[in-house]
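An overview of the molecular structure
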Amino acid sequence: QVQLVESGGGLVQPGGSLRLSCAAQGSIFSVSAMGWYRQAPGKQRELVADMPSDSPTYYADAVKGRFTISRNKAKNTVSLQMNSLKPEDTAVYYCNAAIRSLTTMKVNDYWGQGTQVTVSS
């Protein structure tokens, strides 16, 4: 069984910083991509940043220059450093990973449980 466990998030004032972390756990053979999505109330889930194993890192235009994604391939973890946060960054943030499990040897898409980020004064 494979799962993504998220940590971080919370309430921060505009201009502040937060760091989100995510760890892939379980019967993992390989991880081909890890990234972060977010979903604000009444909006569709959107890709924030993505770090594939063999492709360039992607950032949504709305977060370029403010957010930084980092990945530890040896530990199967991914983090999102969020600086200069704005009220419009308020959303539930989800970790996402494409993982080949040891039990099936098939690649599936996995999601974390979601963590709330609220930017408000």
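Attention in this report is confined to the structure presented alongside it. (Residues numbered from 1 in each chain as written. Predicted model: local features only at pLDDT ≥ 70, side-chain atom pairs only at ≥ 80, totals over all residues. Heavy atoms only, no water.)

1. Description of the overall build of the protein chain
Looking only at helices and strands, the protein chain has 0 helices and 11 strands in total. Overall, the protein chain shows an N-to-C arrangement of helices and strands of β-β-β-β-β-β-β-β-β-β-β. Viewed in the frame of its principal axes, the protein chain has a C-alpha envelope of about 45 × 25 × 25 Å. Expressed as a percentage of its 121 residues, the buried residues of the protein chain come to 41%. Contacts in the protein chain between residues at least 24 apart in sequence constitute 56% of all its contacts with a sequence separation of at least 6. Computed over 12 positive and 8 negative side-chain charges, the separation of the two mean positions in the protein chain equals 5 Å. (Helix = DSSP H or I, 4+ residues; strand = E, 2+ residues; numbered from the N terminus. Buried < 20%, exposed > 50% of the residue type's maximum accessible area, 1.4 Å probe, protein only. Contact = heavy atoms within 4.5 Å. Lys, Arg positive; Asp, Glu negative; His and termini not counted. Charge placed at Lys NZ, Arg CZ, Asp CG, Glu CD.)

2. Section: the nonpolar core
Trp36, Leu80, Met82, Tyr93 and Ile99 are the most contacted members of the largest nonpolar core, which totals 31 residues. The element best represented in this core is strand 9 (residues 91–101), accounting for 5 residues. Excluding residues within four positions of it along the chain, Tyr93 makes contact with Glu6, Leu20, Trp36, Tyr37, Arg38, Val48, Phe67, Leu80, Met82, Gly114, Thr115 and Val117. (Core = buried A, V, L, I, M, F, W, Y, C linked by side-chain atoms within 4.5 Å.)

3. Brief notes about the side chain of Thr115
Mapped onto the fold, Thr115 is located in strand 11 (residues 115–119). Among the residues examined, Thr115 registers a relative accessible area of 11% and is labelled buried. Of note is the side chain of Thr115, whose polar atom sits 2.9 Å from the backbone oxygen of Gly8. Residues contacting Thr115, with those up to four places away along its chain left out, are Glu6, Gly8, Gly9, Leu20, Ala91, Val92 and Tyr93. (Polar contact = N/O pair within 3.5 Å; in protein donor to acceptor, adjacent residues only side chain to side chain.)

4. Description of the environment of Arg19
Within the secondary structure, Arg19 is located in strand 3 (residues 18–26). Note on Arg19: relative accessible area 43%, which makes it partly exposed. Once the C-alpha coordinates of Arg19 and Ile69 are considered, the two residues, 50 residues apart in sequence, prove to be 9.8 Å apart. If sequence neighbours within four positions are ignored, Arg19 has contacts with Ser7, Gly8, Gly9, Ser70, Ser79, Leu80 and Gln81. Of the polar contacts made by the side chain of Arg19, one reaches the side chain of Gln81; its length is 3.3 Å.

5. Quick word on the sheet that holds strand 3
Ordered by their spatial adjacency, 4 strands build an open sheet running 1-3-8-7, and the pairing between neighbours is antiparallel. For this open sheet the edge positions go to strand 1 (2–7) and strand 7 (67–72), each flanked by a neighbour on one side alone. On average, adjacent strands in this sheet sit at an angle of 15 degrees to one another, irrespective of strand direction. One ladder, built from 6 bridges, connects strand 7 with strand 8 (residues 77–82); its direction is antiparallel. (Pairing = 2+ DSSP bridges. Axes fitted to C-alpha atoms, helices over the stretch in contact; angles between N-to-C directions.)

6. Remarks on the pairing of strand 10 (residues 107–111)
Across 5 bridges, strand 9 lies against strand 10 in antiparallel orientation. Within strand 10, the residue paired with Ala98 across the bridge is Asp109. Between strand 9 and strand 10, which pair antiparallel in sequence order, lie 5 residues; one of them, Met105, sits at a positive phi of approximately 60 degrees.

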